[in-house]
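Chain by chain, the residues run as shown.
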Amino acid sequence: MSGHFEASCLCGGITLSYSGIVGPANYCHCEDCRRANGSAFNIGVRVDLKDLQIEATTEIRRYKYIGGNGREIIRCFCGACGSPVFTLHPAKPEFAWVKAGIINQPEVVKPTHENWIKDKVKWAVIAVPESYDENKPV
């Protein structure tokens, strides 16, 4: 679905503007995402990196991490307020996954599935049509 959204971290030091195909959003329950976001799950919205405009008056910090599944990811966050902003996957360099909570137009976020439900905390209840013990099969 084509769409447009604006987004920003808590302090406003990092702003995003996106116009393009708004890819699927998903809930991720893996322990890595829970710890990185301080929440029961992460919600990422896939976008084409070439169509994502990033402006920063604060430092964009990056944390390179090898996840429990052995894949490298880069978590990007505001160096001033600490807000998670987006995630990059070097194996899929054409995309970024913008954190749903920073998007100013929440109606563009349409989660289609949840991943890593084997790590899901019992008190997190989500209604989506598809759930996977680990990653969604390609």
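Residues numbered from 1 in each chain as written. Predicted model: local features only at pLDDT ≥ 70, side-chain atom pairs only at ≥ 80, totals over all residues. Heavy atoms only, no water.

The volume enclosed by the largest pocket comes to roughly 930 Å³. Lining the largest pocket we find 33 residues, and of these R71, H89, K92, N115 and N135 sit closest to its centre. Going through the elements one at a time, β2 (14–28), α1 (31–37), β3 (42–48), β6 (72–78), β8 (95–99) and β9 (111–115) are the ones with two or more residues in the lining of the largest pocket. Residue classes in the lining of the largest pocket are distributed as eleven nonpolar, twelve polar and ten charged. Empty space within the second largest pocket amounts to approximately 180 Å³. Within the lining of the second largest pocket, the residues separate by chemical class into five nonpolar, four polar and one charged. (1 Å grid on protein atoms, 1.4 Å probe; cavity = no way out; pocket = protein on both sides within 12 Å on 5 of 7 lines; lining within 4 Å. Points joined across faces, edges and corners; volume = space filled by probe spheres on them. Helix = DSSP H or I, 4+ residues; strand = E, 2+ residues; numbered from the N terminus. Nonpolar A, V, L, I, M, F, W, Y, C, P; charged D, E, K, R; others polar.)

What follows is about the nonpolar core. Of all hydrophobic cores here, the largest spans 24 residues; its most connected members are F5, L16, V45, V47, F86, V98 and I103. Looking at this core, the elements that each hand over two or more residues are β1 (2–8), β2, β3, β6, β7 (84–88) and β8. Take this core: its biggest share by element is five residues, from β2. With sequence-adjacent residues up to four places away left out, V47 is seen in contact with F5, Y18, I21, L52, E94, F95, A96 and V98. (Core = buried A, V, L, I, M, F, W, Y, C linked by side-chain atoms within 4.5 Å. Buried < 20%, exposed > 50% of the residue type's maximum accessible area, 1.4 Å probe, protein only. Contact = heavy atoms within 4.5 Å.)

Another point: the pairing of β8. When you tally the buried positions in β8, you get five out of five residues, the bulk of the element. Side chains of β8 alternate between two faces, with F95, W97 and K99 and A96 and V98 buried alike. Pairing of β3 with β8, which is carried by five bridges, proceeds in the antiparallel orientation. Bridge pairing in β8 places G44 opposite K99. The pairing of β7 with β8 spans two bridges and is antiparallel. Bridged to F86 within β8 is V98. Linking β7 to β8, which pair antiparallel, is a turn of six residues. (Pairing = 2+ DSSP bridges.)

Given two aromatic rings, one states the distance between the centres and the angle between the planes to describe the pair. Following the criterion strictly, the structure yields four aromatic pairs and no others. Taking the centre distance of 5.1 Å and the plane angle of 85° together, the rings of Y27 and F41 count as edge-to-face. Of this pair, Y27 sits in strand β2 while F41 is found in the loop between α1 and β3, placing the two residues 14 residues apart along the sequence. It is R46 that lies over the ring of F95; its NZ or CZ is 4.4 Å from the centre. (Phe/Tyr/Trp six-rings, centres within 6.5 Å; stacked < 30°, edge-to-face > 60°. Lys NZ or Arg CZ within 6 Å of the ring centre and 35° of its normal.)

Our next topic: the pattern of salt bridges. Applying the stated criterion across every chain yields a total of six salt bridges. Put simply, R35 and E31 hold a salt bridge, and the shortest N to O gap is 2.9 Å. Placement of the pair is R35 and E31 together in helix α1, with a separation of four residues, close to one helical turn. With relative accessibility at 38%, the residue E31 sits in the partly exposed group. The partner of E130 in a salt bridge is K136, and the shortest N-O contact between them spans 3.8 Å. (Salt bridge = Lys/Arg side-chain N within 4 Å of Asp/Glu carboxyl O.)

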